[in-house]
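# Structural features, examined
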Amino acid sequence: MVRVWLTQITAGLLREVIGNLQPDAIAAAVERANFEHVRLEASAHPFGSLAVEVIVPVSTYAKLQQVFDGVSDEHNFKQLVETLRIKR
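Below, the structure is looked at part by part. Note that this is a predicted model, so its numbers are computed, not measured.

What counts, and at which threshold
All residue numbers here refer to positions counted from 1 along the written sequence of the relevant chain. Residue-level local features of this predicted model are given only where pLDDT is at least 70; pairs of side-chain atoms are given and counted only at 80 or more, and the full residue set underlies all totals for whole chains, interfaces and linings. Only hydrogens and water are removed before side-chain values are computed, so all heavy atoms of the structure are retained for them. The helix count covers DSSP runs of H or I at least four residues long, the strand count covers runs of E at least two residues long, and both are numbered beginning at the N terminus. Residue burial is assigned from relative accessible area. The probe radius is 1.4 Å, only protein chains are included, and a residue is buried under 20% of its type maximum, exposed over 50%, and partly exposed in between. Throughout, a contact is declared for two residues whenever any of their heavy atoms are within 4.5 Å. A carboxyl oxygen of Asp or Glu within 4 Å of a side-chain nitrogen of Lys or Arg is what we treat as a salt bridge.

With respect to the element layout, Arg15 can be found in helix 1 (residues 8-18). Judged by relative accessible area, Arg15 falls into the partly exposed class, the value being 42%. Residues Arg15 and Ala25, spaced 10 residues apart in sequence, show a C-alpha to C-alpha distance of 9.6 Å. Dropping the residues within four chain positions of it, Arg15 is found in contact with Asn20 and Leu21.

Spelled out as structure tokens, the structure:
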């Protein structure tokens, strides 16, 4: 098995479409999916813009990796936001 991390929104949408997030259900959904659909342009994507590119110095990125135990860059930056809000 491979562990993946999804945002709450993506997990909720996936659960809505396939019923649950169990490995067998996800595997079955992938097997029956029609991957031949025309790729959507980024501007027409049903979820809106999926990511925002943010450039940070390597030393800053390393510091975030060191001080936070996030499971992804997204998670680390959310923890940074929470930390910065506390200092206000």
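Having seen the structure, we can now continue with the description.
One pass over the full model with this rule turns up one salt bridge. The salt bridge involving Lys78 is made with Glu74; its shortest N-O contact spans 3.7 Å. Residue Lys78 and its partner Glu74 are both found in helix 4 (residues 73-86); the two are separated by four residues, about one turn of the helix.

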